[in-house]
Amino acid sequence: MTTKTKAFETKDALDLYKKIIYTEGKAGRRMDKKQIEEMIDLAIKQLGYSYAPYSHFHVGAALLAKNGTYYTGCNIENAAYTPTNCAERTAFFKAVSEGVKEFQAICVVGGRDGVLTGYAAPCGVCRQVMMEFCDPETFQIILAVSKDKYDVFTLRELFPLGFGPADLA
Ligand SMILES: O=c1ccn([C@H]2C[C@H](O)[C@@H](CO)O2)c(=O)[nH]1
Ligand SMILES: [Zn+2]
């Protein structure tokens, strides 16, 4: 019998294991489960504000600043298509326009007609904007389908070898 099997012999041990994987994520990171759930709720609420008459793909985001403030965002499309702003960038630009430039994490949800069936990963442009303001090693990106189905990534994982302000130094 392996040590791992032994660890799950009691319900307490199993609960502890679940707590660890839920709060630390795959790469051993630390985000409070309650806070992740709060961010998922906020991002899902944003789906209701999404303006997506062309793609019908609704996206919501909740950005957590280091000062503890949340900035939410939705995608905002345009008849000329290219002026479209993604949910993530809406959240970032709201924060930066209010003088807030330090961030801990963002949660993103999205799906056709606002129905969440899988992860809506940030597009390349949004990853580049994150790279401008966030430390790629520590900034957390929560991709969620529901409060029971989500994954946490660092910006570095989603944007390896990304170009950022440090490259100009
Ligand atoms: O990172 C992304 C990628 C796409 N979208 C939006 C833009 C557009 O309105 C729709 C389809 O691409 O999804 C976002 O909000 N965030
Ligand atoms: Zn984007």
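Definitions and limits used
- Residues numbered from 1 in each chain as written.
- Chains lettered and ligands numbered in written order.
- Predicted model: local features only at pLDDT ≥ 70, side-chain atom pairs only at ≥ 80, totals over all residues.
- Near = placed C-beta within 6 Å.
- Helix = DSSP H or I, 4+ residues; strand = E, 2+ residues; numbered from the N terminus.
- Nonpolar A, V, L, I, M, F, W, Y, C, P; charged D, E, K, R; others polar.
- UniProt positions renumbered as here; feature names shortened; annotations may be inferred.
- Pairing = 2+ DSSP bridges.
- Axes fitted to C-alpha atoms, helices over the stretch in contact; angles between N-to-C directions.
- Contact = placed C-beta atoms within 7 Å.

Chemist: What's the story with the site of ligand 1 in this structure? I'm lost.
Modeler: Among the 13 residues in the neighbourhood of ligand 1, the closest are listed as Ser55, Val59, Asn75, Cys86 and Cys123. Every element with two or more residues in the shell around ligand 1 is listed here: β1 (57–65) and α4 (87–96). Of the residues that constitute the shell around ligand 1, the class distribution is 8 nonpolar, 3 polar and 2 charged.

Chemist: Explanation requested: the UniProt feature "binding site: substrate" (unreviewed entry) in the protein chain in the structure shown.
Modeler: When the UniProt feature table is mapped onto this chain, "binding site: substrate" (unreviewed entry) is found at Asn75, Ile76, Glu77, Asn78, Ala79, Ala80 and Tyr81. Tracing the backbone shows Ile76 in the loop between β2 (70–74) and α4.

Chemist: What am I meant to see in the sheet that holds strand β3 (residues 103–112) here?
Modeler: By way of backbone hydrogen bonds, the strands of a sheet pair with one another, either parallel or antiparallel. Taken in spatial order, the 5 strands make up an open sheet running β2-β1-β3-β4-β5, and their pairing is mixed. Of all strands in the sheet, those bounded by a partner on one side alone are β2 and β5 (149–154). Looking at each pair of strands side by side, their axes are set apart by 20° on average, direction ignored. Pairing of strand β4 (residues 140–146) with β5 involves 6 bridges; the strand directions are antiparallel. Residue pairing in the sheet places Leu143 in a bridge with Asp151 of β5. Here helix α3 (residues 33–46) sits on the sheet and contacts β1, β2, β3, β4 and β5; the angle it forms with β1, its principal contact strand, is near 140°.

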